[in-house]
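# Inside the fold
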Amino acid sequence: GTGGPPILLVHGFPRTSLMWREVAPRLAVDHSVIAVDLRAYGRSGTPESTTNHFPYSKRAMADELVKVMSALGHPTFTVIGHDRGGRVSYRMALDHPQAVARLAVLDVIPIIEAWNRSDARFAQTYWPWSLLSQQEPMPESYLLGAPHAVFGNPFGQGSFGIDILEEYASTFRNPARVHGICEEYRAAATIDVMHDRNDQLAGNQISCPTLHLWAAHGPMDTFYADEGGPIGIWRRWAPRVQGQAVAGGHFFPEENPNDTVTLIRQFLDSTSPVAGGRTLSRAEVRLTDID
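Residues numbered from 1 in each chain as written. Predicted model: local features only at pLDDT ≥ 70, side-chain atom pairs only at ≥ 80, totals over all residues. Heavy atoms only, no water.

### A look at the packing of helix H7 (residues 138–145) against helix H9 (residues 175–189)
Basically, it comes down to this: Axis lines are fitted through C-alpha atoms, for helices just across the contact stretch, and the angle between N-to-C directions can take any value from 0 to 180 degrees. Note on conventions: DSSP H or I runs of at least 4 residues are helices, E runs of at least 2 residues are strands, and numbering of each starts at the N terminus. An angle below 35 degrees is read as roughly parallel, one above 145 as roughly antiparallel, one from 65 to 115 as roughly perpendicular, and any other as oblique. By definition, any crossing whose near helix is turned counterclockwise from its far helix by less than a right angle is left-handed, and any crossing with a clockwise turn is right-handed. Should any heavy atoms of two residues lie within 4.5 Å, those residues are considered in contact. The nonpolar class holds Ala, Val, Leu, Ile, Met, Phe, Trp, Tyr, Cys and Pro. Asp, Glu, Lys and Arg form the charged class, and all remaining residues, Gly among them, are polar.
The contact between H7 and H9 brings their axes to 9 Å, and the two run at 130°. Classified by the angle their axes make, H7 and H9 are oblique. Crossing of H7 against H9: the hand is right-handed. Contact residues: Pro-139, Glu-140, Leu-143 and Leu-144 in H7; Pro-175, Val-178, His-179, Ile-181, Cys-182 and Arg-186 in H9. Broken down by class, the residue content of the contact of H7 with H9 amounts to seven nonpolar, one polar and two charged.

If you want it as structure tokens, here you go:
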């Protein structure tokens, strides 16, 4: 859509911006919707990486997307991110509070929170974290050796035709792209954890209205019940968080766009944005946002 408040949509692994094909047109009726491919995915560039993986860190990708939105005439916007894109999105809200009016994160908790709770169940469920963060070239070889394999398991499965599958799989046939995808997972095991930890130690929190939607009966719904579920974990990072489970598996924006759009619209309608907001310190939040 060409008019209305801006929304940035950020996909996750192993998708591209194509995952929003049912969601974006419905939001675009009255919003300016921008759906991006993350670095290495789809049709985006594949910048050279570095030994500390910084070019594929959430911070680098968040910085780039804030610049992109600004160049498109949107210095302040709502960001909605799924999976890896959700991690780029919450990093954006922490690093650029003046740019992010609202944050929606779909089916993930912060990186450091996930690693801190990693156990056998985590390792077997979230296999890309451990496999794809291994030193090159092993994970690259696995992905390139069987580009379709990633779409035949719970982190890839979805109900789409061969044309959509081919578009997704094309990313995994390109060695430069596959390397970038693995570099992002290596960043998530190292430099991204450091960035999260620094925010934790400084007491930085996300001040804007935040939505977390997660897959009903999925890992988010079941792993963290004794901590108040994923909302209990998110509340430590984003005091203004709300959310609920959604039917449709990990890829519910693709599998269940009706409920996804309804819940996003409720969130957009019920929250006032904080343009020019700033990240609150934990002490300030404790005084003002006790609920």
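Structure's up, so let's keep going.
### Description of the packing of aromatic side chains
Put simply, the test is: Only Phe, Tyr and Trp rings take part, Trp by its six-membered ring, and two of them pair if their centres are within 6.5 Å. Stacked means planes under 30 degrees apart, edge-to-face means over 60, and tilted covers everything else. Only protein chains enter the accessibility calculation, which uses a 1.4 Å probe; a residue is then buried when its area is under 20% of its type maximum, exposed when over 50%, and partly exposed in between. The criterion for a charge sitting over a ring is simple: Lys NZ or Arg CZ within 6 Å of the ring centre, and within 35 degrees of the ring normal.
Enumeration over the complete set of coordinates arrives at 15 aromatic pairs. Judged by centre distance (5.9 Å) and plane angle (50°), the rings of Trp-115 and Phe-122 are tilted. Accessibility expressed as a relative area gives 4% for Phe-122, which makes it buried. Taken together, the ring pairs in this structure connect Phe-13, Trp-127, Phe-151, Phe-160, Tyr-168, Phe-172 and Tyr-185 into an aromatic cluster. In this arrangement the basic side chain of Arg-84 is found over the ring face of Trp-129, its NZ or CZ atom lying 5.3 Å from the centre.

### Topic: unusual backbone geometry
In this model, Phe-13 is joined to Pro-14 through a cis peptide bond whose omega is -5°. With respect to the helices, strands and loops of the structure, Pro-14 is situated in the loop between strand E1 (6–10) and helix H1 (24–27). Between Glu-136 and the following residue, Pro-137, the backbone shows a cis peptide bond with an omega angle of 5°. If you trace the backbone, Pro-137 turns up in the loop between helix H6 (127–132) and H7.

### Remarks on the environment of Ala-101
With respect to the element layout, Ala-101 can be found in strand E4 (residues 100–106). On the accessibility criterion, Ala-101 (5% relative accessible area) is buried. Along the sequence, Ala-101 and Cys-208 sit 107 residues apart, while their C-alpha atoms lie 6.0 Å from each other.

### A short note on the side chain of Asp-199
To be explicit about the condition: Under the rule applied, a polar contact is a pair of N or O atoms within 3.5 Å (in protein, one hydrogen donor and one hydrogen acceptor; residues adjacent in sequence only if both atoms are side-chain atoms).
Relative to the elements of secondary structure, Asp-199 occurs in helix H10 (residues 191–202). Within the local environment of Asp-199, its side chain forms a polar contact with the side chain of Arg-91, the two groups lying 2.6 Å apart. Dropping the residues within four chain positions of it, Asp-199 is found in contact with Arg-91, Leu-94, Asn-204 and Trp-237.

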